[in-house]
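Single-letter residue listing:
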Amino acid sequence: MLIDSYDRVVDYLRVSVTERCNFRCQYCMPEKPFSWVPKENLLSFEELFEFMKIAIDEGVNKIRITGGEPLLREDLDKFINMIYTYKPSIDLAMTTNAYLLKGTAQKLKDAGLKRINVSIDTLKPEVAKDIAQKDVLKNVLAGVEEALKVGLKVKVNMVPMKNVNADEIIDVLEYCKKRSMSIRFIEYMENSFASKEITGLKSDELLNILRTKYEFSDDGFDGSSPSHYFTMKDGYRFGLIEPYEDDFCKQCNRIRLTAEGNLIPCLYFDEAISISKAIKSGDIKAATQVLKEVIRTKPEKNRWGGDDAEVSSRAFYETGG
């Protein structure tokens, strides 16, 4: 079992398989050129898997595949199947923009994937094009429908932004509700790579919009999830992620591994230790020591909140957000 210095059990590993993405979302990487870390700098799926076996043996029981956009990496289903075969009971999920999902959903499900998270920030094609800087919505919604069809559980994320999609909060929730998909509204996380013109909605503003149509109760936090949950009268449940609040970090159970092999204790923090050399040389003991050191130095909370709040200089497309 992996336990950090604040007595939190760390049992969740997010693995970015690529920083590449086929969108240029305004809140993530709007000006990122189409030049990337060379493929030879990335760990192979076999090398990533060697570290993941260590993490699983040490107590990790939940793994999420992220990017960039993970479906851009060839043979992703084979990588997923490596993990599933090693431990079929692992909670194996993926975050995707769903643009390529329609043609891959069945293969991913057959490989052992159980759940996906998809960002749906709008149901208007022109707004989606403005956010992603590409005509994407038709493919995204088709991918979601295919995922549901093959039996994958789907959770939707939405980042509400003023003068962009704030008027669609209820529409997107209803879209999810009709398909029995849960939704989480995520407060915009300021970072140095995002468009400077974005202004996100705060949680109280979002809840006030929802109260114009719904009555709901406050369920608080659920285990180690960063989501603050609410339940409507008909039983439908939605979540709210508030990264600027301390509660966001109190039960944090996750660490992150980049495609280059940097093990990161916190989404915000720039500090990381590489497992690349140890894994490439087959030094399992050294890789295990890196894992335990990252757990030991995992911070109590991020640097977003408080009077000295900072803007993150870490690119979220490297760590999967």
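All figures in this text were calculated on a predicted structure; none of them were measured in a lab.

Thresholds applied
Residues numbered from 1 in each chain as written. Predicted model: local features only at pLDDT ≥ 70, side-chain atom pairs only at ≥ 80, totals over all residues. Heavy atoms only, no water. Buried < 20%, exposed > 50% of the residue type's maximum accessible area, 1.4 Å probe, protein only. Helix = DSSP H or I, 4+ residues; strand = E, 2+ residues; numbered from the N terminus. Pairing = 2+ DSSP bridges. Salt bridge = Lys/Arg side-chain N within 4 Å of Asp/Glu carboxyl O. Contact = heavy atoms within 4.5 Å. Axes fitted to C-alpha atoms, helices over the stretch in contact; angles between N-to-C directions. Patch = residues over 30% accessible without salt bridge, like charges linked within 9 Å, V, L, I, M, F, W, Y side chains within 5 Å. Areas by Shrake-Rupley, 256 points an atom, 1.4 Å probe, with all protein chains shown as cover. Parallel < 35°, antiparallel > 145°, perpendicular 65-115°, else oblique. Left-handed = near helix turned anticlockwise from the far one by under 90°. Nonpolar A, V, L, I, M, F, W, Y, C, P; charged D, E, K, R; others polar. Disulfide = S-S within 2.5 Å. Core = buried A, V, L, I, M, F, W, Y, C linked by side-chain atoms within 4.5 Å.

**With respect to the pairing of strand β8 (residues 227-232)**
Counting buried positions over the 6 residues of β8 gives 6, a clear majority of the element. Burial along β8 is two-sided: Ser 227, Tyr 229 and Thr 231 facing one way and His 228, Phe 230 and Met 232 facing the other are all buried. With 5 bridges joining them, strand β7 (residues 216-221) and β8 adopt antiparallel strand pairing. Within the sheet, the bridge partner assigned to Phe 216 lies in β8 and is Met 232.

**A short note on the pattern of salt bridges**
The full count for this structure, using the stated rule, is 14 salt bridges. Here Arg 296 makes a salt bridge to Glu 293, at a shortest N to O gap of 2.7 Å. In this pair, Arg 296 and Glu 293 both sit in helix α10 (residues 284-296), 3 residues apart, roughly one turn of the helix. According to the relative accessible area criterion, Glu 293 is partly exposed, its value standing at 29%. A single network of salt bridges, built from pairs that share partners, joins Asp 219, Asp 222 and Arg 237.

**Some points on the sheet that holds strand β1 (residues 12-16)**
The strand order β7-β8-β9-β6-β5-β4-β3-β2-β1-β10-β11-β12 describes an open sheet built from 12 strands, whose pairing is mixed. The open sheet terminates on both sides in strands that have one partner only, identified here as β7 and β12 (273-274). In the sheet, β8 pairs with strand β9 (residues 237-241) via 5 bridges, with the strands oriented antiparallel. Bridged to Tyr 229 within β9 is Gly 239. Docked against the sheet, helix α6 (residues 169-178) engages β5 (153-158), β6 (182-186), β8 and β9, running at close to 155 degrees with respect to β6.

**Some words on a nonpolar patch on the surface**
Taken together, the side chains of Met 1, Ile 3 and Val 9 make up a nonpolar region of the molecular surface, amounting to roughly 310 Å² of accessible area. The residue Ile 3 is located in the segment before β1 in this model. A relative accessible area of 45% means that Ile 3 is categorised as partly exposed.

**Describing α6**
Extensive coverage of α6 is indicated by the burial of 7 of its 10 residues. For α6, the elements touching its buried residues are α5 (137-150), β5, β6, α7 (203-211), β8 and β9. Ser 180 sits one or two positions beyond α6 and adopts a positive phi of about 55 degrees.

**As for the packing of helix α1 (residues 45-57) against helix α2 (residues 76-86)**
For the pair α1 and α2, the least separation of the axes is 10 Å and the interaxial angle reads 25 degrees. Between α1 and α2, the interaxial angle falls into the category roughly parallel. Two packed elements cross with a definite hand, and for α1 against α2 that hand is right-handed. Contacts from Phe 45, Glu 46, Leu 48, Phe 49, Met 52, Lys 53, Ile 56 and Asp 57 of α1 reach α2 at Leu 76, Phe 79, Met 82, Ile 83 and Tyr 86. Looking at side-chain class alone, the contact of α1 with α2 contains 10 nonpolar, no polar and 3 charged residues.

**Some remarks on the state of the cysteines**
Taken as a whole and assessed by the stated rule, the structure comprises 0 disulfides. Of all cysteine sulfurs, the one in Cys 25 lies closest to Cys 21, which takes part in no disulfide; the gap is 6.3 Å. Since its relative accessible area comes to 13%, Cys 21 is described here as buried.

**Let's talk about the side chain of Ser 227**
Tracing the backbone shows Ser 227 in strand β8. With a relative accessible area of 0%, Ser 227 lands in the buried category. Not counting residues up to four positions away in its chain, the partners in contact with Ser 227 are Arg 184, Gly 220, Phe 221, Asp 222, Gly 239, Leu 240 and Ile 241.

**A few points about the nonpolar core**
Counting residues in hydrophobic clusters, the biggest one holds 94 residues, and the most contacted among them are Leu 13, Ile 63 and Phe 238. Looking at this core, the element that brings in the most residues is α1, giving 8 residues.

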